[in-house]
Amino acid sequence: MIIGSHVSYGKEGLFTSVKEAVSYGANTFMFYTGAPTNTIRKDIDLEYTKLAKELMSKNDIDINNVICHAPYIINPATFDLEKQKFAISFLIQELKRCFQLGIKYIVLHPGSSVGITKEEGLNNIIYVLKEVLKENIPVTILIETMAGKGSERGIDISELSYIIDNLDSKYIGVCLDTCHLHDSGVDLTNFDFYLDLFSEKIGLDKIKCIHLNDSKNELGSHKDRHANIGFGHIGFSTLINIVNNDRLKGIPLILETPYIGDYDDDKNRLYPPYKYEISMIKSGKFNPDLLNLIRLEYKKQ
Ligand code: FE
Ligand code: FE
Ligand code: ZN
């Protein structure tokens, strides 16, 4: 099982990320090359990158399974020409950074078609990505399946296949997010039905990453609020069936579940759940007390 979580990219760049991933017992991870909410980026430090790679090989983390996530404030679906230009140049920079680090995959939110039609939004995404692909940087852009909040695009198989068919590039793939699929209306209790359709319209070989999250909301809610594994509306057994689905073998699973709040601490600390969620997923057995256990464990430290 290839499993990890999103981690921070700190002062020591990728080295910070690897240390955090290792502390969770993960064998992969996902990182942003800076804050996900802005586009300020530092140059890559070669020394820390070297240390990061050494620590990865010591801990059986294959860099081919490590995922980058583009900041979600760039909007490839926008009608605004300046913003389109910015999305293109920023994505090119981001792909170059991934290439420099040796990272093969970058997840991208396809964006929102605010103030325009769905078709116009999809065509803008295609235009932006075509411009980026012209650079021929050997890093695969994984379009993330979205929940359908507001005018988000990339919310079903027909939108994804429209984008992917028009780009026709080996450097385009898909990242499935279980919370987003559920919120967009995909019944994950019948996941093979979804995979059949995906296989027919896009091809399962395009799936390169899975964001494994539970959802705070009901099927089809279009909300996009992640819950801890087994503590949401998707539920543990449905998520475990996805993890164990033979058709998705070897695909990196990335947790983006929320930190746990410490309810009786007035500093209101938050604890990362990943170490505990990873071991619970590996065990295949749901622990309904997990969130309390996490609070207690962190308090002991
Ligand atoms: Fe995402
Ligand atoms: Fe996600
Ligand atoms: Zn989300």
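To keep things clear, this report deals only with the structure shown in the data block.

About the criteria used
- Residues numbered from 1 in each chain as written.
- Chains lettered and ligands numbered in written order.
- Predicted model: local features only at pLDDT ≥ 70, side-chain atom pairs only at ≥ 80, totals over all residues.
- Heavy atoms only, no water.
- Donors = N, O, S within 2.8 Å, 3.2 Å for Na, K, Ca; no water.
- Helix = DSSP H or I, 4+ residues; strand = E, 2+ residues; numbered from the N terminus.
- Buried < 20%, exposed > 50% of the residue type's maximum accessible area, 1.4 Å probe, protein only.
- Expected span 1.5 Å × (residues − 1).
- Polar contact = N/O pair within 3.5 Å; in protein donor to acceptor, adjacent residues only side chain to side chain.
- Contact = heavy atoms within 4.5 Å.

### Some thoughts on the coordination of the iron ion (ligand 1)
Move 1: Each protein donor to the iron ion (ligand 1) is listed here as His 69 (NE2), His 109 (NE2) and Glu 144 (OE); together their distances run 2.1 to 2.3 Å.
Move 2: All donors of the iron ion (ligand 1) belong to a single chain; written as a sequence motif, their spacing is H-x39-H-x34-E.
Move 3: The metal-metal distance between the iron ion (ligand 1) and the iron ion (ligand 2) comes to 3.3 Å, with Glu 144 coordinating both. Residue His 109 is located in the loop between β4 (105-108) and α4 (118-133), and its partner Glu 144 is located in strand β5 (residues 140-144); the two are separated by 35 residues in the primary sequence. The same class applies to His 109 and to Glu 144, which are both buried.

### Thoughts on helix α3 (residues 81-101)
Move 1: The end-to-end C-alpha separation of α3 is 30 Å, in line with the 30 Å expected for 21 residues at 1.5 Å each.
Move 2: Among the residues making up α3, those that are buried are Gln 84, Ala 87, Ile 88, Phe 90, Leu 91, Ile 92, Glu 94, Leu 95, Arg 97, Cys 98 and Leu 101.
Move 3: One side-chain oxygen at the N-terminal end of α3 lies 2.9 Å from the backbone nitrogen of Glu 82; it belongs to Asp 80.

### Notes on α4
Move 1: For α4, with 16 residues, the first-to-last C-alpha span of 22 Å sits near the 22 Å given by 1.5 Å per residue.
Move 2: Taken together, the buried positions of α4 are occupied by Gly 121, Leu 122, Asn 124, Ile 125, Ile 126, Val 128, Leu 129, Val 132 and Leu 133.
Move 3: Where α4 is buried, its residues contact α3, β4, β5, α5 (157-167) and β6 (172-177).

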